[in-house]
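Next come the chains, spelled out residue by residue.
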Amino acid sequence: VEHYITLPDATFPVEVWLVCGHLVRSYYKTDYTEGGHGYVYPWVPKGQIWVEKDLDRWELPYIVSHEYLELRLMRDAKMEYDAAHEICSKVEFNLRKCKGAHQLLVRGHCRFTKKYVPRLTREEVFDYVRKTYLRK
């Protein structure tokens, strides 16, 4: 287990931990892949996101963005997992294409790296996700 980053969330800090995916699948859930948080998996503390440590380091910011925004949708917008996951998959895909919320996170650059990850906690990012992806 390795600490990756702590996100300065307004409700409580969210710690991101890099974990051995094989062990998580062996001890907790066989369909766990890439990442998860305590609003989906009961064995992950509510203030944590677990991400597989064997992913390419360039992947981590995208996976963390997916998991953090999914956590926020489930916690703050009271969404069910399936709907939150679908939205966050779209957000993640657009970040990878340097579109959507990308401009709120990485101004003037294309590559979304670890140094930009704390910007996910800005309310303007969550507001953008809600306004863009939530059905009215």
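Up top is the structure.
Because the structure is a prediction, the values reported are computed rather than measured.

Colleague: So what exactly am I meant to see when it comes to the pairing of strand S1 (residues 2-7) here?
Modeller: Consecutive residues of a regular strand have side chains that alternate between opposite faces of the sheet. Two elements, S1 and strand S2 (residues 14-19), share 5 bridges in a ladder whose sense is antiparallel. Paired with His3 across the strands is Trp17, a residue of S2. Where S1 folds back onto S2 in an antiparallel hairpin, the turn is made up of 6 residues.

Colleague: What exactly am I supposed to notice about the state of the cysteines here?
Modeller: Note on terminology: a disulfide is the covalent bond linking the sulfur atoms of two cysteines. One pass over the structure, following the stated rule, counts 1 disulfide. Free of any disulfide, Cys88 has its nearest neighbouring cysteine sulfur in Cys98, separated by 18 Å. The class of Cys88 is buried, set by a relative accessible area of 1%.

Colleague: Sorry, what's going on with the pattern of salt bridges here?
Modeller: Side chains that differ in sign of charge can pair as their charged atoms come close. Within the structure shown, the criterion is met by 11 salt bridges. When the shortest N-O distance is used, the salt bridge between Glu92 and Arg96 registers 2.9 Å. With Glu92 and Arg96 both in helix H3 (residues 81-96), this residue pair falls 4 residues apart, about one helical turn. The class for Glu92 is buried, based on a relative accessible area of 12%. Residues joined in a network through salt bridges with shared partners are Asp9, Arg72, Arg75, Asp76 and Glu123.

Colleague: What should I look at first to understand the side chain of Gln48 in this one?
Modeller: As for its position among the elements, Gln48 is in strand S4 (residues 48-52). A polar atom in the side chain of Gln48 sits 2.8 Å from the side chain of Trp50. Residues in contact with Gln48, not counting those within four places in the same chain, are Val14, Glu15, Trp17, Gly36, His37 and Gly38.

Colleague: What is the right way to read unusual backbone geometry from this model?
Modeller: A negative phi angle is the norm for most residues apart from glycine, just as the trans form is the norm for most peptide bonds. Residues other than glycine seldom take positive phi values, yet Glu34 does so here, at roughly 65°. Tracing the chain through its elements places Glu34 in the loop between helix H1 (21-27) and strand S3 (35-37). Backbone geometry places Lys78, a non-glycine residue, at a positive phi of 55°. In this fold, Lys78 is placed in the loop between helix H2 (60-76) and H3.

Colleague: For this particular structure, what's the right way to read the environment of Glu2?
Modeller: Turning to its location among the elements, Glu2 is positioned in strand S1. Residues Glu2 and Ser65, 63 residues apart in the sequence, show an inter-C-alpha distance of 18 Å. Polar contacts involving the side chain of Glu2 include one to the side chain of Arg57, which spans 3.4 Å.

Colleague: Hey, could you run me through the sheet that holds S3 in this one?
Modeller: Remark on secondary structure: sheet strands pair via backbone hydrogen bonds, oriented parallel or antiparallel. Across the sheet, which stays open at both edges, the 4 strands sit in the order S1-S2-S4-S3 with mixed pairing between neighbours. Here the strands that pair on one side only, and so sit at the sheet edges, are S1 and S3. Each neighbouring strand pair of the sheet contributes to a mean axis angle of 20°, computed without reference to strand direction.

The rules behind these values
- Residues numbered from 1 in each chain as written.
- Predicted model: local features only at pLDDT ≥ 70, side-chain atom pairs only at ≥ 80, totals over all residues.
- Heavy atoms only, no water.
- Pairing = 2+ DSSP bridges.
- Helix = DSSP H or I, 4+ residues; strand = E, 2+ residues; numbered from the N terminus.
- Disulfide = S-S within 2.5 Å.
- Buried < 20%, exposed > 50% of the residue type's maximum accessible area, 1.4 Å probe, protein only.
- Salt bridge = Lys/Arg side-chain N within 4 Å of Asp/Glu carboxyl O.
- Polar contact = N/O pair within 3.5 Å; in protein donor to acceptor, adjacent residues only side chain to side chain.
- Contact = heavy atoms within 4.5 Å.
- Axes fitted to C-alpha atoms, helices over the stretch in contact; angles between N-to-C directions.

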